[in-house]
Amino acid sequence: MEQTIIKIAVIGVGVIGPRHMQSVLACDGASLAAMVGPGNSARAASEQHGVPSFQTVEDLLDSPIVFDAAIVCTPNSTHVGISKLLLAAGIHVLVEKPISLDVESGLELVATVAKSKAQLLVGHHRRFNAQVTATKSAVDNGAIGKPIAVSGLWMLYKPAPYFQGLGAWRAASEGGVILINMVHEIDTLQYLLGSIVRVHAEETASQRHYEAEEGAAVILKFASGVVGAFMVCDAAPSPHNFEAGTGENPIVPQSGKDFCRIFGPDGVLSMGDMTIHKHSSTDERSWHNVLESVAVDVKDCVPFDEQIAHFVRVIKRQEQPRCTADDGVVEAIKQAMRTGKAVDIGTTQPKL
């Protein structure tokens, strides 16, 4: 039986668009249909792979090009508008996080999805990362007992060109480390430990003096009773971050250093070095006794490739979406930073 090939357009050619393009090209069930980017930004990649390029989504939709799906990798403020256009045309959408800059516009997008026959997925590729899936399996299977607390770090230094040219939006209010990076940490934490119901955050002192924030110390309360502390900053050189710890992103040298620790009554699981520290089965749990180290089994995979393969299976209705939306936690963190007060997140709040 001949396999149905899903034709995918990549919209946006900044940092993440070309990475998604590589995964589309690597997927047996997909083909690259077109590239979209302002000016001539998409032309080189499109010519290299023999597909047409367009300057806007409207140009693509008005063209005779037939395609099934699109990946939206444009500046944050454009995610809702572009996704609504595509969904209204019956095009399946994988939109990079965050889906919106606020809850209101996010709910508008949800309403559009409800009226469309197309699927909307959110680009939280970390759910497909081998360390994340191994950690979830270990925690769910009781390797450290019922989780008590979590601590995390996402600390590195982004160079000046990251905020220049096509990336100038990252220095404005629609950019910032919370919307661009912390959104991934929040999704990963909730995937591993359940819903977050309260946050408090204090912003770090600015080093670049851009409009966008550079970092924050975040306190988290989960519905399960788990509590957490997370430090995020893109203006502090460090090997302690998801990309360096896992080696997932080739532009960030792999360090293998830990970046997240989940604590339970039976031990602590450290991500990055993927190690569980716990007492041996013959020792009493006591600070007097030495902890043993146990390696967590991690099966290798390429998260971006796995995400595109999942997107294709969802379009073919072979799977349910693994990640459909954010739920207001990131906006709550930004609110806490502005007000200096803890923000409660209703567990009955509509999902975006």
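What this report covers is the structure whose coordinates are included nearby. All values derive from a computational prediction rather than experimental measurement.

Quick notes on the rules
Residues numbered from 1 in each chain as written. Predicted model: local features only at pLDDT ≥ 70, side-chain atom pairs only at ≥ 80, totals over all residues. Heavy atoms only, no water. Helix = DSSP H or I, 4+ residues; strand = E, 2+ residues; numbered from the N terminus. Rg over C-alpha atoms; globule rule 2.2 N^0.38 Å. Buried < 20%, exposed > 50% of the residue type's maximum accessible area, 1.4 Å probe, protein only. Contact = heavy atoms within 4.5 Å. Areas by Shrake-Rupley, 256 points an atom, 1.4 Å probe, with all protein chains shown as cover. Lys, Arg positive; Asp, Glu negative; His and termini not counted. Charge placed at Lys NZ, Arg CZ, Asp CG, Glu CD. Phe/Tyr/Trp six-rings, centres within 6.5 Å; stacked < 30°, edge-to-face > 60°. Lys NZ or Arg CZ within 6 Å of the ring centre and 35° of its normal. Core = buried A, V, L, I, M, F, W, Y, C linked by side-chain atoms within 4.5 Å.

**Quick notes on the overall build of the chain**
What the chain contains, in helices and strands, is 10 helices and 15 strands. For 352 residues, the compact-globule estimate of 2.2 N^0.38 gives 20 Å, and the chain sits close to it at 21 Å. Taken along its principal axes, the extent of the C-alpha atoms in the chain is 70 × 55 × 40 Å. Taken over 352 residues, the chain has a buried fraction of 53%. A separation threshold of at least 6 residues defines the contact pool for the chain, and within that pool the share at least 24 residues apart is 66%. Summing over all exposed atoms, the chain offers an accessible surface of approximately 16,100 Å²; the carbon and sulfur share of this is 53%. Positive and negative side-chain charges of the chain, numbering 29 and 38 respectively, have mean locations separated by a distance of 3 Å.

**Observations concerning helix α10 (residues 329-339)**
Buried within α10 we find V329, V330, A332, I333, K334, A336 and M337. Along its buried surface, α10 packs onto α7 (177-193), β8 (196-203), β9 (215-222) and β15 (343-344). Where α10 ends, the next residue or the one after it, G340, has phi of about 75°, a positive value.

**So, the packing of aromatic side chains**
Applying the stated criterion across every chain yields a total of 3 aromatic pairs. Ring geometry for Y162 against F163: centres 5.0 Å apart, planes inclined by 80°, an arrangement best described as edge-to-face. For Y162, a relative accessible area of 19% gives the class buried. Taken together, the ring pairs connect Y162, F163 and Y210 into an aromatic cluster. A cation over an aromatic ring shows up here: K136 above the ring of Y191, its NZ or CZ 4.9 Å from the ring centre.

**Overview of unusual backbone geometry**
The peptide bond linking K97 to P98 adopts the cis configuration, its omega dihedral lying at -15°. Looking at the secondary structure, you find P98 in the loop between β5 (92-96) and α5 (103-115). A positive phi angle is found at H209, which is not glycine, with a value near 65°. Looking at where H209 falls in the secondary structure, it is placed in the loop between β8 and β9. Unusually for a residue other than glycine, R317 sits at a positive phi of about 60°. Its place among the elements puts R317 in the loop between α9 (303-315) and α10.

**Some remarks on the nonpolar core**
I178, V199 and I333 are the most contacted members of the largest nonpolar core, which totals 45 residues. It is α7 that provides the largest number of residues to this core, a total of 10 residues. Dropping the residues within four chain positions of it, V199 is found in contact with I219, L220, V329, A332, I333, A336, K341, A342, V343 and I345.

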